[in-house]
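Summary of structural features
What follows is each chain in one-letter form.
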Amino acid sequence: MGLTTKEISSSSFNDMISSVDRRSEYVENRAGANVRLNNFLTPYTLDDKSSILNAPCGYSNGVYPSLRPVQTFGPELITNGDFATDSNWTKGTGWSIANGKASRTAQSGSTACDQSISLIAGKKYKIVYTLTISAGSFNVRFSGTTNVNGLSRTTSGTYIDYLVAATGNNTFRLVGADGSFAGSIDNVSVKEATDADFDFTRGSAATRVTKDGLIKNVQILSDELVQNGNFEEIGPEEVTNGDFATDLSGWQTSGVNAANTITWEYNGVRFFCTNQNIGLSQQNVLTIGKAYKLTCDVNVTTGSIGLDGAILVGGSTVNLVNGFNEIYFVANSTTFKIKRTSTVSDCLLDNVSVKEVGQNWNFVGDTKVVNNGAKFDNTSVYSEISQDNVTTSGSRIRLTITVEDYVGGKIIFPQFGINSGNGDPNFNVEANGTYVFEGILYNSAFTIKRGLNGTNLVVSNVSIIEITDDTDLPRIDYTDGTGSLLLEPQRTNLINYSEDFSQSVWVKTGLTVNENKILSPSGSLDADEVNITAANAHYLFYIFSVSASTNYTFTFYAKKGTATDVSYSVYDSTNNADIIPSTSYSSQISNTNWTRITVKFTTPSGCTSARVYPLRDGSSTGTVYIWGAQLEQGSYATSYIPTSGSTVTRNADVCNNAGSSDLINSTEGVLYAEILPFPQDGRIALNDGTTGNNVRFTYQASNNTIFGILFNGSNQAVLTYQLPTENSFYKIAFKYKASDFSLYVNGVEVDSLTSSGTTFASDTLSQLDFDAGNGLVPLYGNVRSVAVFKEALTDEELAKITSTTQQEVFYEMRDKMLQINADYYEFGDYTTRLKKLF
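Residues numbered from 1 in each chain as written. Predicted model: local features only at pLDDT ≥ 70, side-chain atom pairs only at ≥ 80, totals over all residues. Heavy atoms only, no water.

**Points about the environment of Thr194**
Looking at the element boundaries, Thr194 is found in strand β14 (residues 182-194). Distance from Thr194 to Tyr125, taken between C-alpha atoms, is 8.4 Å for residues 69 residues apart in sequence. Not counting residues within four places of it along the chain, the set of residues in contact with Thr194 comprises Pro69, Val70, Gln71, Thr72 and Leu663. (Helix = DSSP H or I, 4+ residues; strand = E, 2+ residues; numbered from the N terminus. Contact = heavy atoms within 4.5 Å.)

**Focus: the packing of aromatic side chains**
Summed over all chains, the structure comprises 36 aromatic pairs. Taking the centre distance of 5.6 Å and the plane angle of 40° together, the rings of Phe138 and Phe181 count as tilted. Of this pair, Phe138 sits in strand β11 (residues 138-142) while Phe181 sits in the loop between β13 (171-176) and β14, placing them 43 residues apart in sequence. With relative accessibility at 0%, the residue Phe138 sits in the buried group. Overall, Phe181 belongs to the buried group, its relative accessible area being 0%. Here the aromatic rings of Tyr568 and Tyr585 are separated by 5.8 Å at their centres, their planes lie at 20°, and the arrangement is stacked. Taken as a pair, Tyr568 in strand β49 (residues 567-572) and Tyr585 in the loop between β50 (577-584) and β51 (595-602) lie far apart in primary sequence, 17 residues in all. Given a relative accessible area of 12%, Tyr568 falls into the buried group. Tyr585 gets classed as buried once you look at its relative accessible area, which sits at 0%. (Phe/Tyr/Trp six-rings, centres within 6.5 Å; stacked < 30°, edge-to-face > 60°. Buried < 20%, exposed > 50% of the residue type's maximum accessible area, 1.4 Å probe, protein only.)

**Points about the nonpolar core**
Residues Leu686, Phe697, Leu768 and Phe770 are the most contacted members of the largest nonpolar core, which totals 48 residues. Each residue touching Phe697, except ones within four places of it in the same chain, is listed here: Leu671, Tyr672, Ala673, Gly682, Arg683, Ile684, Ile706, Phe707, Ile732, Ala733, Phe734 and Leu743. Core analysis: the next-biggest nonpolar cluster, separate from the first, contains 35 residues, Leu511, Phe544, Cys607 and Leu615 among them. (Core = buried A, V, L, I, M, F, W, Y, C linked by side-chain atoms within 4.5 Å.)

**Side note on the state of the cysteines**
Taken as a whole and assessed by the stated rule, the structure comprises 0 disulfides. Free of any disulfide, Cys57 has its nearest neighbouring cysteine sulfur in Cys655, separated by 14 Å. Relative accessible area serves as the criterion here: at 1%, Cys57 is assigned to the buried category. (Disulfide = S-S within 2.5 Å.)

**A word on the pattern of salt bridges**
Inspection of the entire model under this criterion finds 26 salt bridges. A salt bridge links Glu438 to Arg398, with the shortest nitrogen-to-oxygen separation between them at 2.8 Å. Of this pair, Glu438 sits in strand β38 (residues 433-441) while Arg398 sits in strand β34 (residues 395-408), and the two are 40 residues apart along the sequence. When the shortest N-O distance is used, the salt bridge between Lys800 and Glu796 registers 3.0 Å. Taken together, the positions of Lys800 and Glu796, both in helix α3 (residues 795-801) and 4 residues apart, correspond to about one turn of that helix. (Salt bridge = Lys/Arg side-chain N within 4 Å of Asp/Glu carboxyl O.)

**Re the pairing of β13**
With 5 of 6 residues buried, β13 is to be regarded as a mostly interior element. Pairing analysis gives 6 bridges linking strand β9 (residues 111-116) to β13, with the strands arranged antiparallel. By the bridge assignment for β13, Gln115 is matched with Phe172. As paired elements, β11 and β13 share 5 bridges and run antiparallel to each other. Among the inter-strand pairings, Phe138 is bridged to a residue of β13, identified as Gly176. (Pairing = 2+ DSSP bridges.)

**Here's the deal with the sheet that holds strand β39 (residues 446-450)**
Here 5 strands make up an open sheet; going across it, the order is β30-β33-β39-β35-β37 and the pairing antiparallel. One side of each edge strand has no neighbouring strand; the edge strands of this open sheet are β30 (362-364) and β37 (428-429).

**Here's the deal with the environment of Asn299**
Residue placement: Asn299 occurs in strand β24 (residues 291-302). Residue Asn299 is classed as partly exposed on the basis of its relative accessible area of 44%. Residues Asn299 and Phe324 lie 25 residues apart in sequence; the distance between their C-alpha atoms is 8.9 Å. With near-sequence residues (within four places) excluded, Asn299 lies in contact with Asn322, Asp346, Cys347 and Leu348.

**Thoughts on the confidence of the model for the protein**
Note that predicted coordinates carrying low pLDDT should not be read in detail. For the protein, per-residue confidence averages 89 on the pLDDT scale, and residues scoring 70 or more make up 92% of the total. Long-range and interchain partners of residues 1-11, a stretch whose pLDDT sits below 50, account for 8 contacts in this model, where long-range means more than four residues apart. Long-range and interchain partners of residues 833-838, a stretch whose pLDDT sits below 50, account for 8 contacts in this model, where long-range means more than four residues apart. (pLDDT = per-residue confidence, 0-100.)

**Considering the side chain of Lys735**
Considering the arrangement of structural elements, one finds Lys735 in strand β61 (residues 730-737). A distance of 3.0 Å separates a polar atom in the side chain of Lys735 from a polar atom in the side chain of Asp740. When near neighbours in sequence (up to four residues on either side) are disregarded, Lys735 contacts Gly669, Val670, Asp740, Phe741, Ser742, Ala792, Leu793, Asp795 and Leu798. (Polar contact = N/O pair within 3.5 Å; in protein donor to acceptor, adjacent residues only side chain to side chain.)

**A few points about the sheet that holds strand β45 (residues 511-518)**
Read from one edge to the other, the open sheet built from 5 strands follows the order β45-β46-β53-β48-β51, with strand pairing classed as antiparallel. The two strands at the open ends of the sheet, each matched to only one other strand, are β45 and β51. Sheet twist, expressed as the average angle between the axes of neighbouring strands with direction ignored, equals 35°. Relative to β51, strand β48 (residues 551-560) is paired through 8 bridges, and the arrangement is antiparallel. (Axes fitted to C-alpha atoms, helices over the stretch in contact; angles between N-to-C directions.)

Quick look at the structure:
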């Protein structure tokens, strides 16, 4: 039996999501994307009608890919892109072609290697090339344009870039972007790209809420940089004939005579002596300074035998016990030796094995490898372990370290911290557990050092990942439990220390701050405990300069401790008056989950200085936990911007330039989006690269209204609907066709125009942007999906694609439950019922 219509449709979506996987550096939210798109499935058959279809499930540096169309490319436009011959290219000063490469030596000014190609204005082109740079910077561009932001290269590598051709572009240029550029280029390709992928830029780091409910910077994470971080690596056998299978071959004896012997027996080798220091050894099997694991079996009749202290770091003989032995040691000699260790010894030794352990680690002082990690012994001897060449000095890293068998003392990490190379006093370990720290490693090596006399513990696992806070990664945000693209305006956190409330910039009275007491919303051990000691007479505030008659938003995260009443406040320091009086927020927070408290205020006339209080004059004493304070100019809160000594600015998200005239019908069609707009005017537009011709959604924040507009030199259709609530997701569809316009919101036609209105000539509209078409009036908010249809859908189809399905409701509930670690399996019956429905 063949596939059903629904099975074919589901397979089609899986293919589209897989295509995004292949085109993306980072993949997540695949299930969420599938749910978002389910309302395009058959029986609606709209999956075949959409020409652009987007829901977040993958992303790359600078690119936010769409599910449809699957990316395709036109024919190769470059001739002799492998530089097999010295032809087809026009070489500027300093350029040459030889040995299958185009090369340039350092010259005065910018010079290029050109090739004339056929380009079409408004079309997007994929450019691939392999670059080797020895000096300076390099840029690719089309003629008539200057250096393209984001395409200036200063390091070698194979690059994939996208450029949109403008009128007059007819030459492809390889450009030594400055006078110092020297290097070579190979394997050049230029092809027209038919896709709906968005270009994405931000130019600064930014946070998001992950699928686990944690606040994290969008980051590029390296592979594991520590080798043998769990201390489980074990080398090959170092000794020969350790089982004494037939004789003592490979072993040397010392000190033996007629009365004091080392003899082979069928089940091992026997040490027998009364007064002689006898020994059994193998030479050149150890490396001085390396750690080893010895295992062997000993059968003691009288006395004892043991490892010769002369071969061990520390110099103390280690006795072997009766039965099975497992001993870890660090070599101080190339010889391995076992000797008698009491005056009268009668012991049988068998099954000797010596293998290297602790590879890649350096051991100093009293540290050594044990069966579950690196042991810091209970002595006053200076001790440490280290690993060389972990990363480059100055790299930002995430350190994860696990401690077991803790008895006392602490370990510290010199040259690892936030603000200096002397180690951060907050980055230390004094108990069992797994710890996560993020900071700067001010050395290429990484060291763990005994921090107190009497330190006695085991480090069982060490992980170091280098972090790059990428400036152009789109953010899939899970604030409500369901993944959506997060687009935000530029904002600055005006508070210098957003997480460390012990700093002097935070003024304190009637309370004390205990740093790094519990896990914060970031998942790190960096949230502060505040102990309130004076009821109705305490405060914690930050003072800052402000502009008068200006909107600000103050936010912080709080979690309940033992205090039963806590309050916030905002104060006008210029006029000595409250802007927001002391207001209790105890009922908003719990002792299980973190809550973000949001305080919006407008500074009074003449106000130039103000204070924000996360704590002021609550009626109880006790503890409360706080983290992540943010003060930003604006009428609403945006995602958290961490600071540690200065203000920090997050630039605006810019997402545009998707599609082409092949994917957009200028005469009729539908623009669809599922969005939660932020309270700021914004647009999503099909356009021609200008504001002169567009089909758009416009969100007007002042009255929470959505518009469906077709502008063709003048407004041809303006459909409006006032959204019933703010801070909610809406499914919106705008149908455009000559004298046939409709606006649907959440399954209902809310406005229409059927008596007038013209559209465009074919091929007028060429791109889809989250702005007005020229970078102005960008839409800010959360976007679950956006789609374009090349035909005017029926009323039934428009109602269906904008309706909320039971499946979506269930999965949104499931996502939120997963995020807060709830036991969502209690909803198993609903799962079964919904599967029957869908």
